[in-house]
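# Geometric and topological summary
Spelled out from the first residue to the last, the chains are:
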Amino acid sequence: MKVDIKNEDGIAVAELSGEIDHHNAKEIRTQLDKYIISAQPRRLAIDFTNITFMDSSGIGLIMGRSKIMKQCGGKLEVRSPQPYIRRVMKLSGIERIVKIT
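Conventions we followed
Residues numbered from 1 in each chain as written. Predicted model: local features only at pLDDT ≥ 70, side-chain atom pairs only at ≥ 80, totals over all residues. Heavy atoms only, no water. Pairing = 2+ DSSP bridges. Helix = DSSP H or I, 4+ residues; strand = E, 2+ residues; numbered from the N terminus.

Right, let's get into the pairing of strand 1 (residues 2-8). Two strands pair when backbone bridges link them, and strand 1 and strand 2 (residues 11-20) are joined in this way by seven bridges, in the antiparallel orientation. Bridged to K6 within strand 2 is V13. Counting the residues between successive antiparallel strands, the hairpin from strand 1 to strand 2 contains two residues, one of them, D9, with a positive phi of roughly 55°.

With that out of the way, let us pick up unusual backbone geometry. In this structure, D9 is a non-glycine residue whose phi angle is positive, near 55°. Note on placement: D9 falls in the loop between strand 1 and strand 2. Positioned with a positive phi, S80 is a non-glycine residue whose angle comes to about 55°.

Next up, the structure:
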């Protein structure tokens, strides 16, 4: 799993690619948490454009990063999930916690 974090107009954008499942969610969490704690961004967008599969581990990933961002005084958003992934997010109720664009 590749996590590439860039700064776009003052927003930290974490571009993910591949699959998010119980096999690699921990690695993604570790990379994102390390960045959040060290950089303390006010806004973090996780870009799901190149995510080809996501199970419930992805929901946990989003919820956990949202909590950490709030603790650091920031906000999390999810960008460009594929239609079926957006549906999983909607069914989980995650859209009440984070903005999905």
